[in-house]
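Single-letter residue listing:
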Amino acid sequence: MELKTPLYDAHVKAGGKIVPFAGFLLPVQYEQSGVIKEHMAVRTEAGLFDVSHMGEVLCKGKDALANLQKILTNNFENMVDGQARYSLMCNENGGVVDDLIVYKKGENDYFIVVNAANREKDFNWMVQHKFGDVEFTNVSDDYAQIALQGPKAMDIIRKLTSEDNIPQKYYHAVFNATVDGIPCIVSKTGYTGEDGVELYLDSSKAEEMWDKLLAAGKEEGLIPCGLGARDTLRMEAAMPLYGHEMDDEITPLETGLKFAVKMDKPDFIGKAAIEAKGEPKIKRVGLKVTGRGVIREHQDVLAGDQVIGHTTSGTHCPFLNYPVGMALIDPKYAEVGTKLQVDVRGRKVDVEVVALPFYKREK
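Caption draft 1: Examining the packing of helix α5 (residues 153-160) against helix α6 (residues 206-216) more closely. Where α5 contacts α6, the axes come no closer than 9 Å and their chain directions differ by 115°. Regarding α5 and α6, the two cross each other, and that crossing is right-handed. Two secondary-structure elements touch here, α5 through Ile 156, Ile 157, Lys 159 and Leu 160 and α6 through Lys 212, Leu 213 and Ala 216. Taken together, the residues of the contact of α5 with α6 sort by class into five nonpolar, no polar and two charged.

Listed below in structure tokens is the structure:
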């Protein structure tokens, strides 16, 4: 039985095409717009996403920091209040349990955001591996999350709140903000490659906030966007997705997330296994389709007749106007400019290794 987010009725009313995703019923696109129009709105004006399916966990107590240091791969010692940090949570074999974001609210007081499909799994993992004076609390159902993204996103949010309620830097949050009278956490972590904010707020206020944002952004061309555009946008920005570019078998180093793995920490779950594996035997690369066709996930990447890896994601990118994919391949073939092929249902499609991300916004 799929769950509904607090904005389910708003999506139906707006003509959202509802599909099951990560245990929730969510709009893949809207009748009046469609994936391409929604994608282009975020690249050129602004788009509004319901990301209430994501999970939230509180971590509190005298040993909260020590627990994060042990359970997660990144280092959280030097964070300031309001700062956010991306991390992986690994199993004993060095594979990825999930990727997540940790916010520091205050001394030994943290707010963790996890992937929707892994809400229960992640929370259980944290509870099973906790020690000392710490409490992990799953507060996923208490929060709605709305993401406002695009070059005009900041103009829109400024209509509804003052500057001191808006984080000044990427990967920061304001915890006790109010947006048009509604208490919110306002953060800046984005998953589209564009500027913008995420609002975490009481589930009961979600629809009111959704309507306020759409009304405030009307002149700027703000439209609601579904899962389809969220995926094509994250692909252009080459953002890794759990279950695609990483999973329980793939280590963070193999998928190019070394920046979030602090091997100089005394210890964390999975560290010994990652060390034992040595230099990664696979590497995440970007592929641009130079032949005819669109590449998708789970397709073999070929150098001549030799299989050298597989695709993890692939789609046609509306803003770039050509198909791309990400793949995990033998590092020998990972140099930018290398010509390869992808087996698309028995047909070889020409591709070229390109630098990631595929798209980068002009600052």
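Caption draft 2: Structural context of the pattern of salt bridges. Taken as a whole and judged by the stated rule, the model has 20 salt bridges. We note a salt bridge from Asp 141 to Arg 119, for which the minimum N-O separation is 2.8 Å. A residue pair is termed long-range when its members are at least 10 positions apart, and Asp 141 in the loop between β9 (135-138) and β10 (143-149) and Arg 119 in helix α4 (residues 119-129) qualify at 22 residues. Here the salt bridges share partners, and the residues they tie into one network are Asp 180, Lys 205, Glu 208 and Lys 212.

Caption draft 3: Representation of empty space enclosed by the protein within the structure. Counted by the stated rule, this structure contains one cavity of 30 Å³ or more. Quantified by volume, the largest cavity comes out at close to 60 Å³. What lines the largest cavity is His 11, Leu 26, Pro 27, Tyr 30, Phe 49, Asp 50, Cys 225, Gly 226, Leu 227 and Arg 230. At the level of elements, β3 (24-30), β4 (47-50) and α7 (227-236) are the ones that each hand at least two residues to the lining of the largest cavity. Looking at which element gives the most residues to the lining of the largest cavity, the answer is β3, with three residues. Partitioned by chemical class, the residues of the lining of the largest cavity number six nonpolar, two polar and two charged.

Caption draft 4: Seen up close, the layout of surface pockets. Considering only enclosed or pocket space, the second largest pocket measures out at about 220 Å³ in volume. Residue composition of the lining of the second largest pocket, grouped by class: five nonpolar, three polar and five charged.

Caption draft 5: The nonpolar core, seen in detail. Formed by 33 residues in total, the largest nonpolar core has its most connected members in Tyr 86, Leu 88, Tyr 103, Phe 111, Ile 185, Tyr 200 and Met 246. Where this core is concerned, the elements lending two or more residues are β6 (84-90), β7 (96-106), β8 (109-114), β10, β11 (173-179) and α7. Of the residues forming this core, the biggest block, four residues, is contributed by β6. For Ile 185, the contacting residues outside a window of four places in its chain are Phe 111, Tyr 143, Ala 173, Val 174, Phe 175, Glu 198, Leu 199 and Tyr 200. If you look at the next biggest cluster of nonpolar residues, it comprises 29 residues, including Ala 144, Met 154, Cys 184 and Leu 199.

Caption draft 6: Main features of the sheet that holds β9. Strand order in this open sheet of five strands is β6-β7-β8-β5-β9, and the pairing throughout is antiparallel. Taken across any chain shown, the strands that pair with only one partner, and hence form the sheet edges, are β6 and β9. Strand-to-strand twist in this sheet, taken as the mean axis angle between neighbours without regard to direction, amounts to 30°. Note: strand β5 (residues 55-60) against β8, six bridges, orientation antiparallel. When the sheet's bridge partners are listed, Gly 55 is paired in β8 with Val 114.

Caption draft 7: Quick peek at the packing of aromatic side chains. Here the structure, examined in full by the defined rule, presents nine aromatic pairs. With centroids separated by 5.8 Å and ring planes inclined at 20°, the aromatic side chains of Tyr 86 and Phe 259 adopt a geometry described as stacked. Of this pair, Tyr 86 sits in strand β6 while Phe 259 sits in the loop between α7 and α8 (271-277), and the two are 173 residues apart along the sequence. For the pair Tyr 103 and Phe 111, a centre-to-centre distance of 5.9 Å together with 55° between the ring planes defines the contact as tilted. Among the residues examined, Tyr 103 registers a relative accessible area of 1% and is labelled buried.

Here is what the cut-offs are and how they apply
- Residues numbered from 1 in each chain as written.
- Predicted model: local features only at pLDDT ≥ 70, side-chain atom pairs only at ≥ 80, totals over all residues.
- Heavy atoms only, no water.
- Axes fitted to C-alpha atoms, helices over the stretch in contact; angles between N-to-C directions.
- Helix = DSSP H or I, 4+ residues; strand = E, 2+ residues; numbered from the N terminus.
- Left-handed = near helix turned anticlockwise from the far one by under 90°.
- Contact = heavy atoms within 4.5 Å.
- Nonpolar A, V, L, I, M, F, W, Y, C, P; charged D, E, K, R; others polar.
- Salt bridge = Lys/Arg side-chain N within 4 Å of Asp/Glu carboxyl O.
- 1 Å grid on protein atoms, 1.4 Å probe; cavity = no way out; pocket = protein on both sides within 12 Å on 5 of 7 lines; lining within 4 Å.
- Points joined across faces, edges and corners; volume = space filled by probe spheres on them.
- Core = buried A, V, L, I, M, F, W, Y, C linked by side-chain atoms within 4.5 Å.
- Buried < 20%, exposed > 50% of the residue type's maximum accessible area, 1.4 Å probe, protein only.
- Pairing = 2+ DSSP bridges.
- Phe/Tyr/Trp six-rings, centres within 6.5 Å; stacked < 30°, edge-to-face > 60°.

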